[in-house]
Amino acid sequence: MSISLDGFVAGPDQSLENPLGKRGLELHGWHIGDPRVTEENQVAAGWLMRPRGAYVMGRNMFGPIRGEWDGDWTGWWGPEPPYHAPVYVLTHYEHPPIEMEGGTTFHFVTEGFDAAYAAAVEAAGGKGVDIAGGASTVRQALIAGVVDELTLDIAPVLLGSGERIFDGVESFGFEPVEVLNSPLATHIRYRKTG
């Protein structure tokens, strides 16, 4: 998760025009378009993009639509999303699965995080499940104790408000195992202790 110095993983007022909220894109320069990208940033991008067997994400990460589904939205990523595996999207509104090019199928789960995670584990077949985001979904995974490894990409940015990842998480229970830094971000890989 890319995160600001003041703990936000997205800026305020997320919308179609600002999917990461106002100024949220500033957290992602280390892997999206900044010419100052270093070898360390490229290694961290490899951590981010390594293949998984399945993914879990929140509805806000899937798209800007709130409430009942309308239109034919298929995600932010175009006809071939980067996942190439089943993706379980948390939502309060039923939606049929959406099959995309490259092996990605979005499944919409209305029974909560535990149901989405269980379906992802089964679909992954031992290949690993990634909690893709956003903040609320990662927070639910941390509270459920199902995260074995967490990477924080800390951008030297202060957003002031937006979406926090750790609100309501009572203990961390991870230790750093690898740290990379650049002018664009400090990348810290944490592993669960005990």
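In this report, we go over the structure that sits alongside the text. (Residues numbered from 1 in each chain as written. Predicted model: local features only at pLDDT ≥ 70, side-chain atom pairs only at ≥ 80, totals over all residues. Heavy atoms only, no water.)

Further remarks concern the overall build of the chain. Scanning the chain from terminus to terminus reveals four helices and 11 strands. By the compact-globule yardstick of 16 Å for 194 residues, the chain fits well, its C-alpha radius of gyration being 16 Å. Dimensions of the chain, computed from C-alpha atoms along their principal axes, come out at roughly 45 × 40 × 35 Å. Here the chain, with 194 residues, has 41% of them falling under the buried criterion. Intrachain contacts of the chain at a sequence separation of at least 6 include 63% that bridge at least 24 residues. When the accessible surface of the chain is split by element, carbon and sulfur atoms take 51% of a total near 10100 Å². (Helix = DSSP H or I, 4+ residues; strand = E, 2+ residues; numbered from the N terminus. Rg over C-alpha atoms; globule rule 2.2 N^0.38 Å. Buried < 20%, exposed > 50% of the residue type's maximum accessible area, 1.4 Å probe, protein only. Contact = heavy atoms within 4.5 Å. Areas by Shrake-Rupley, 256 points an atom, 1.4 Å probe, with all protein chains shown as cover.)

Right, let's get into the environment of Leu159. Tracing the backbone shows Leu159 in the loop between strand E8 (149–155) and strand E9 (163–164). What makes Leu159 buried here is its relative accessible area of 10%. Placed 95 residues apart in sequence, Leu159 and Pro64 show a C-alpha to C-alpha distance of 20 Å. Dropping the residues within four chain positions of it, Leu159 is found in contact with Ser4, Asp6, Phe8, Ala10, Gly11, Lys22, Arg23 and Leu27.

Another point: the sheet that holds strand E1 (residues 2–4). On the basis of which strands lie adjacent, the open sheet formed by four strands has the order E1-E8-E11-E10 and mixed pairing. Of all strands in the sheet, those with a lone pairing partner are E1 and strand E10 (174–181), marking the two edges. Strand-to-strand twist of the sheet, defined as the mean angle between neighbouring strand axes without regard to direction, takes the value 30°. Bridging between E10 and strand E11 (residues 186–192) involves seven bridges; their strand directions are antiparallel. When the bridges of E11 are listed, Glu175 appears paired with Arg191. Set on the sheet, helix H1 (residues 39–49) makes contact with E8, E10 and E11; between it and E10 the angle comes to about 135°. (Pairing = 2+ DSSP bridges. Axes fitted to C-alpha atoms, helices over the stretch in contact; angles between N-to-C directions.)

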